[in-house]
Amino acid sequence: MTHYDDPAVLAEIVAGSRSPILVGLDVDGVLAPLVDHADDATLLDGTGDVVHRLAEHGGVDVAALSGRSLAGLEQFGFGEGVHVIGSHGMEWRSADVLELQPEEQQRLDALVALAEQAADSAGAGAWVEYKPASVVLHVRQADAHAGTAACEELERQAGELDGVRVKRGQSVLELLAREGDKGSALRRLAHRLGAHTVVFAGDDVTDEDAFAALGDSDVPIKVGDADTIAPYRLRDPEAVRDWLHELGRLLEHRT
């Protein structure tokens, strides 16, 4: 049976950590419940307010760190007080627009063509998401057998191309024309901010890169019941909201 940590107890652990503290948060499945189509996702009621209030505390920085593109993150309305990083660390809201080198663009064009073929193979319900440096095949709404087969064939074909990074998710397969991972982005932001403690909450396979990048004094948190290397675990976005709310309350009380 999966053990889930009490949000209040986990808030105590984070609040008692050495500051400055960087709180990194994946979005889908963590702040926003998972839905069949990414365009329909919204933050859980009250979560946006809790996140923005937490970002106002001295000694705390909050970052939304997602596999979504920056354009795809706009629908959640994160204010300027929140660091927003998309495309697995390749896009930063505070930086210039991501531009690919000619060879990377050629690689991406080839991957797009393969992903579109795979979506046709998976049939009704499959769709393709386009990002500045990657392309994603979504099969959550497709026939389970056809979707799995399409992802497997797409991964095989992508593996024949040089310089391609493959990321597997929950009923999704992402093909990257440039290297990018959440762990590197999280450490880069922590260094820039001078954070002593880094917290990261994520639910997907790609979030394991971030967990692996954290040190012994940091706080990796898995959301959901999937396998993980993270030592802490919350049940769902509701538990995440409760944890963030309690964390904010404790920090305010101790100010």
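Anything mentioned here points back to the structure above.
I will try to describe carefully the structure that is included in this document. Bear in mind the structure is a predicted one, so any value in this text is a computation, not a measurement. (Residues numbered from 1 in each chain as written. Predicted model: local features only at pLDDT ≥ 70, side-chain atom pairs only at ≥ 80, totals over all residues. Heavy atoms only, no water.)

## Section: the pairing of strand S8 (residues 172-176)
By the criterion of burial, S8 is predominantly enclosed, with five of the five residues buried. A two-sided burial pattern is seen for S8, the buried positions comprising Val172, Glu174 and Leu176 on one face and Leu173 and Leu175 on the other. Note: strand S6 (residues 134-138) against S8, five bridges, orientation antiparallel. By the bridge assignment, Ser134 is partnered in S8 with Leu176. Judged from the four bridges that link them, strand S7 (residues 165-168) and S8 form a sheet pairing that is antiparallel. What sits directly across from Arg168, in S8, is Leu173. Connecting the antiparallel pair S7 and S8 is a turn made up of three residues, with Ser171 showing a positive phi of about 65°. (Buried < 20%, exposed > 50% of the residue type's maximum accessible area, 1.4 Å probe, protein only. Helix = DSSP H or I, 4+ residues; strand = E, 2+ residues; numbered from the N terminus. Pairing = 2+ DSSP bridges.)

## Focus: the nonpolar core
Ranked by size, the top nonpolar core spans 38 residues in total, and within it Val23, Leu25, Leu31, Val62, Phe78, Trp243 and Leu244 carry the most contacts. It is helix H8 (residues 237-254) that contributes the most residues to this core, seven residues altogether. Ignoring sequence-local partners within four residues, the contact set of Leu244 consists of Val23, Leu25, Leu31, Val50, Val51 and Leu54. Counting residues in each nonpolar core, the second largest holds 27 residues, with Met90, Leu100, Val135 and Leu176 among its members. (Core = buried A, V, L, I, M, F, W, Y, C linked by side-chain atoms within 4.5 Å. Contact = heavy atoms within 4.5 Å.)

## Some words on the packing of helix H2 (residues 47-55) against H8
Interaxial distance between H2 and H8 falls to 9 Å at its minimum, and their mutual angle equals 30°. Of the two elements, H2 crosses H8, and the hand of that crossing is left-handed. Two secondary-structure elements touch here, H2 through Thr47, Val50, Val51, Arg53 and Leu54 and H8 through Arg241, Leu244, His245, Leu247, Gly248 and Leu251. Residues that form the contact of H2 with H8 fall into these classes: six nonpolar, three polar and two charged. (Axes fitted to C-alpha atoms, helices over the stretch in contact; angles between N-to-C directions. Left-handed = near helix turned anticlockwise from the far one by under 90°. Nonpolar A, V, L, I, M, F, W, Y, C, P; charged D, E, K, R; others polar.)

## Thoughts on unusual backbone geometry
A cis geometry characterises the amide bond from Ser19 onward to Pro20, with omega recorded as 0°. As for its position among the elements, Pro20 is in the loop between helix H1 (7-15) and strand S1 (21-25). A positive phi angle, close to 50°, is found at Ser87, a residue other than glycine. The topology assignment puts Ser87 in the loop between strand S3 (83-86) and strand S4 (91-92). Relative accessible area serves as the criterion here: at 1%, Ser87 is assigned to the buried category.

## Details of the sheet that holds S1
Spatially, the seven strands line up as an open sheet ordered S4-S3-S2-S1-S9-S10-S11, and their pairing is mixed. The two strands at the open ends of the sheet, each matched to only one other strand, are S4 and strand S11 (232-234). Note that S1 and strand S2 (residues 60-65) share five bridges and pair parallel. Each bridged residue has a counterpart across the sheet, and for Ile21 the counterpart in S2 is Val60. Lying over the sheet, H2 contacts S1 and S2, oriented at roughly 140° with respect to S2. Sheet strands in contact with H8 are S1, S2, strand S9 (197-202), strand S10 (219-223) and S11, and its direction is about 165° off that of S1.

## Digging into the sheet that holds S7
Spatially, the four strands line up as an open sheet ordered S5-S6-S8-S7, and their pairing is antiparallel. Both edges of this open sheet fall to strand S5 (127-130) and S7, since each of them pairs with a single strand only. Looking at each pair of strands side by side, their axes are set apart by 20° on average, direction ignored. The strands touched by helix H5 (residues 144-158) are S6, S7 and S8; relative to S8, the strand with the most contacts, the crossing angle is about 15°.

## Overview of the pairing of S3
Summarising the sheet, S2 and S3 pair through three bridges and their orientation is parallel. The residue of S3 that forms the bridge with Ala64 is Val84. Where S3 meets S4, two bridges bridge the pair, whose relative direction is antiparallel. The partner of Ile85 across the bridge, within S4, is Trp92. Connecting S3 to the antiparallel partner S4 that follows it, the hairpin turn spans four residues, and Ser87 within it adopts a positive phi of roughly 50°.

## Quick look at the packing of aromatic side chains
Two descriptors summarise a pair of aromatic rings, namely the distance from one centre to the other and the angle between the planes of the rings. Tallied over the full model, the rule gives two aromatic pairs. Lying across the ring of Trp92, Arg188 places its NZ or CZ 4.3 Å from the centre. (Phe/Tyr/Trp six-rings, centres within 6.5 Å; stacked < 30°, edge-to-face > 60°. Lys NZ or Arg CZ within 6 Å of the ring centre and 35° of its normal.)

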